[in-house]
Amino acid sequence: MKKLFLFCAAAVAMAVSCSAPQQVKSDLRAPAYPLITIDPYTSAWSGADNLYDRQVMHWTEKDFPFIGVLRVDGKPYRFMGVEDDLFTPIAAMGFETPWEASYTLEKPAGDWTKANYNDSKWQQSKAPFGTVPYFNIQTPWNTSDIWVRRSIELQPEDMNADAYILQYSHDDIFELYINGEKIVNTGNSWKENIVLELTKEQMAKWSNRLTIAAHCQNTMGGQLVDFGVYRANDNDKRLGMTAQQTSVDVQATRTVYTFTCGEVDLNLTFMAPVLLNNLDLISRPVNYVTYEVTSNDGAEHDVEIYFEAGPHWARNVNSQTVKSEVAVDERFVYAKTGTIEQPVLAKHGDDIRCDWGYFFLTGDKAKYTTAIGNPFAIRGEFVDNGTISSHEGDYLAISTSMGKVGTKPVSDYIMVGYDDIYSILYYNEKIRPYWNRNEDSSIEEQFALAADEYRSLVKRCEKFDAELMAEAYQAGGKEYAELCALAYRQAIAAHKLIQTPNGELAWLSKENFSNGCIGTVDVTYPSFPLFAYYNLDVAKALLNFIYELCESDKWNQPYAAHDVGCYPHVWGERYTGGMPVEESGNLLVMTGAICQLEGKVDYALKHWDALTQWADYLVEHGGDPAHQLCTDDFMGHSSRNANLAIKAVLGIAAYADMAKMAGQDDVAAKYRAEAEKWAAFWKENADEGDHYSLTFDTGADTWSQKYNLVWDKMLGYNVFDPSIAPTEVAYYLTKFNKYGLALDSRGNGAKCDWVMWTATLADDKATFEKFITPMYNLYNESRGRVPMSDYYRTDDNTHIGMQARSVVGGYWIKMLADRMAK
């Protein structure tokens, strides 16, 4: 067994006692910039080079309107967000209001796209059409093709609108026509709530009756068809002049922008103090927006600042009615919003936002004014007078006068927060967020704590950010460090921390933009290095709830569960069929890593019966896996998968190692022998000379990343021939596309987490960086302006899906490997 790696929280990068290294600016042009990152629901990003070029969005790409304006000597400079029109439904999409449609599942004769086409023999039903887990499906559709028609009569008020949009959702190949004119042709893709502008000229040509005809073809997986038309009226836009953005810098806990606003300069910092050695901080539902203003011409200037947020932050769909209000207490002023309905924990799924609880903009009572109302009215008052007051409407605003600003910087902050009241439905029991686990706190108290700790947290976050960049730079170079900085908040914000009814911590992941599962083990596995690096209690909290399920009467399989439900509902495994070898191997390896990092086997002994059962399962079924899925399930089932077999072998080796730590020498020897036997079998059956094959029976033309092999050296198991890793690395270097190494020989798609793990197989930093540079270039040049996708094409700069997921925590594998090698 390798030497024990005692984990000391005081030694990690978050310690505050030592001086911090110098801050290093990130030069990465992020595909999306993290702004507010509290949890999977309260997660806001900028998908533009300049903060004022595009509306702030949730990671699902739904608008989270957030506008910032600096008024300098009476001139307004918009530095954040855009003035979107407010749209009213002409014919709402079905996810808002189900609509009556004509449809057929058989290819229609004639020109079915024309307005005068006779569809009287088609079936009638309500949209949306599709399959669960898409939201609010009214009519199941599970055949290969569907044709849908919808007739819309425009009213007089619709004919004179200022702007029009078509909004649609589809999965997969989708074409849409209006009065016979093709408007949409997506190709093979799947997206929800896409917005397309319709010109006034088009609307005039189509007159007062629209017939929308669509065809959707399913190629695999989920199915969905929905569309609607909307109009905008009387939107008085006053914020046409923007600031000039001069820089943006993404650090681990902060995103820092700089602007020139006429005669003053503005520094703007979004800070999420998610320091992983402090459970109260990572669960506190409050982020900061800090601003600093300085004159750039030596003169003094009158300056006011304004922030505005839409009610979208507290609702799932725009049709939900909200109640917005202002409030004040002894310390703070608040602007808050929440739905009237308050359907607490009523929904579960992927493309869903929180529609219960309350969103807040908060500031010091002595400095700030809050208001609610129509956004154009509130903005207009601020532009004209530098003040705000409430009007009829549901947008939130907070503002203050900074007085005369000269060459001495003037700075302050506001707080953004969300009180979700209950976070998780845990086997039918509503569970409070960790910060209110004892039901003795309130959102107001959380704001007070955040304000009290603000100055110290700024210093701690700056120090941590600098240390992370320095550590990552030393481990893997500048590009690696900048990718880690961008990944940090994304990985953390894809989780929710609770205390379960049995008193254990649960750090529950949401499988963002794939299927919405909660606590997926093969999502935990790639994200594990980040949490193991900083806090083993959090790393254990990734596993506790899986052990709870597998050790209960709710589970009767000899292998580990895949997940525990669909976010935010925990009920047991959701993923039918599971991934038997995958998840059993994952849990054995991660538990083995925890034991080595702690230097003791207590955590494993607590779950020894389950670990023993899984080790026995892998001995029988893992060395030469049957037809099944692995974590890369989007590639489909396979038999005798070589990389999956590595995981099984290492799972057996992990069990042997833990048995030895526990003093069970006979057990350790038995399972060590099994691991060595299967490792020898692996080499014999996968060896193709200059590389190792995708499966044991597909031959020399196939290959795959053997990223699971990274744990063999890290954990000191050394059951595989040491020549395998360098042989594979050398072969991989011959298979690069423009944006790096594909997952395997079956296509050009790559997974960023696995590229990092594969790169860590390299024996030297220079070779490691050869793997990282193409991936860095992909993100730096990506056309998809969304939070980092972990699944992308290596032949062009596009992502395939799976954005904003926690698996980017896998980037820490290199730093964790270096720590364990010391």
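All of the points below concern the structure found in this document. (Residues numbered from 1 in each chain as written. Predicted model: local features only at pLDDT ≥ 70, side-chain atom pairs only at ≥ 80, totals over all residues. Heavy atoms only, no water.)

A word on the sheet that holds strand β23 (residues 322-328)
Taken in spatial order, the eight strands line up as β18-β19-β20-β21-β28-β25-β24-β23 in an open sheet, and their pairing is antiparallel. Lying at the two open borders of the sheet, with one neighbouring strand each, are β18 (244-250) and β23. Ignoring strand direction, the axes of neighbouring strands in this sheet form an average angle of 15°. Sheet topology places strand β19 (residues 254-261) next to strand β20 (residues 264-271); eight bridges connect them, and they run antiparallel. Within β20, the residue paired with Val-256 across the bridge is Thr-269. The sheet strands contacting helix α5 (residues 443-452) are β21 (286-295), β24 (332-339), β25 (358-364) and β28 (410-419), and the helix crosses β28 at an angle near 150°. (Pairing = 2+ DSSP bridges. Helix = DSSP H or I, 4+ residues; strand = E, 2+ residues; numbered from the N terminus. Axes fitted to C-alpha atoms, helices over the stretch in contact; angles between N-to-C directions. Contact = heavy atoms within 4.5 Å.)

Here we look at the nonpolar core
Counting residues in each nonpolar core, the largest one holds 222 residues, and the members touching the most others are Phe-66, Leu-70, Phe-307, Trp-711, Tyr-811 and Trp-812. When residues in this core are grouped by element, the largest group, 15 residues, is from helix α14 (residues 642-661). Sequence-distant contacts of Leu-70, that is, excluding residues within four places in its chain, are made with Lys-75, Pro-76, Tyr-77, Phe-79, Cys-261, Val-264, Leu-266, Val-293, Val-303, Glu-304, Ile-305 and Met-402. One finds Ala-127, Leu-166, Leu-198 and Phe-227 within the second-largest nonpolar core, a separate group that totals 31 residues. (Core = buried A, V, L, I, M, F, W, Y, C linked by side-chain atoms within 4.5 Å. Buried < 20%, exposed > 50% of the residue type's maximum accessible area, 1.4 Å probe, protein only.)

As for the environment of Ala-314
Along the chain, Ala-314 turns up in the loop between β22 (301-309) and β23. Exposure remark for Ala-314: the relative accessible area of 0% places this residue in the buried category. Sequence spacing of Ala-314 and Trp-356 is 42 residues, and the spatial spacing of their C-alpha atoms is 6.8 Å. Those residues in contact with Ala-314 that lie beyond four places of it in its chain are Thr-337, Gly-338, Thr-339, Cys-354, Asp-355, Phe-359 and Tyr-418.

A short note on the packing of helix α7 (residues 478-493) against helix α19 (residues 765-781)
Their axes nearest at 9 Å, the elements α7 and α19 cross at an angle of 50°. Considered as vectors, α7 and α19 are oriented oblique to each other. Along this stretch, α7 crosses α19, giving a crossing that reads as left-handed. Judged by residue contacts, Glu-479, Tyr-480, Glu-482 and Leu-483 of α7 engage Phe-768, Ile-772, Thr-773, Met-775, Tyr-776 and Tyr-779 from α19. The class makeup of the residues in the contact of α7 with α19 is seven nonpolar, one polar and two charged. (Parallel < 35°, antiparallel > 145°, perpendicular 65-115°, else oblique. Left-handed = near helix turned anticlockwise from the far one by under 90°. Nonpolar A, V, L, I, M, F, W, Y, C, P; charged D, E, K, R; others polar.)

Some remarks on the sheet that holds strand β4 (residues 66-72)
Consider a sheet: its strands pair through backbone hydrogen bonds, and that pairing is either parallel or antiparallel. Read across the sheet, five strands follow the order β5-β4-β22-β27-β26 without closing on themselves; strand pairing throughout is antiparallel. The two strands at the open ends of the sheet, each matched to only one other strand, are β5 (75-80) and β26 (369-373). When strand polarity is set aside, the average angle formed by the axes of neighbouring strands in this sheet is 25°. Taken together, the nine bridges between β22 and strand β27 (residues 395-405) define a ladder with antiparallel strand orientation. Bridging across to β27, His-301 finds its partner in Val-405.

Some thoughts on the packing of helix α11 (residues 580-598) against α14
In the contact formed by α11 and α14, the axes pass within 8 Å of each other and the chain directions differ by 40°. As summarised for this structure, α11 and α14 are arranged oblique, according to the angle between their axes. Our pair here, α11 against α14, has a crossing hand that is left-handed. Two secondary-structure elements touch here, α11 through Val-581, Glu-582, Gly-585, Asn-586, Leu-588, Val-589, Thr-591, Gly-592, Cys-595 and Gln-596 and α14 through Leu-644, Lys-647, Ala-648, Leu-650, Gly-651, Ala-654, Tyr-655, Asp-657, Met-658 and Met-661. Taken together, the residues that form the contact of α11 with α14 break down as eleven nonpolar, six polar and three charged.

Remarks on empty space enclosed by the protein
What the rule picks out here adds up to seven cavities of 30 Å³ or more. Approximately 110 Å³ is the volume attributed to the largest cavity. Forming the walls of the largest cavity are 13 residues, and the residues nearest its centre are Phe-95, Phe-135, Glu-192, Asn-193 and Asp-351. Of all the secondary structure elements, the ones that give two or more residues to the lining of the largest cavity are β15 (190-198) and β17 (224-232). Broken down by class, the residue content of the lining of the largest cavity amounts to six nonpolar, three polar and four charged. Space inside the second largest cavity adds up to approximately 90 Å³. Lining the second largest cavity we find Cys-630, Asp-632, Met-635, Asn-641, Asn-643, Leu-694, Ser-704, Gln-705, Tyr-707, Leu-743, Asp-744 and Arg-746. Within the lining of the second largest cavity, the residues separate by chemical class into five nonpolar, four polar and three charged. (1 Å grid on protein atoms, 1.4 Å probe; cavity = no way out; pocket = protein on both sides within 12 Å on 5 of 7 lines; lining within 4 Å. Points joined across faces, edges and corners; volume = space filled by probe spheres on them.)

Quick look at the pairing of β24
Counting buried residues along β24, eight of its eight residues qualify, which places the element largely inside the surrounding structure. Side chains of β24 alternate between two faces, with Phe-332, Tyr-334, Lys-336 and Gly-338 and Val-333, Ala-335, Thr-337 and Thr-339 buried alike. Hairpin remark: β23 followed by β24, antiparallel, with three residues in the connecting loop. Relative to β25, β24 is paired through six bridges, and the arrangement is antiparallel. Within β25, the position partnered with Tyr-334 by the bridge is Thr-362.

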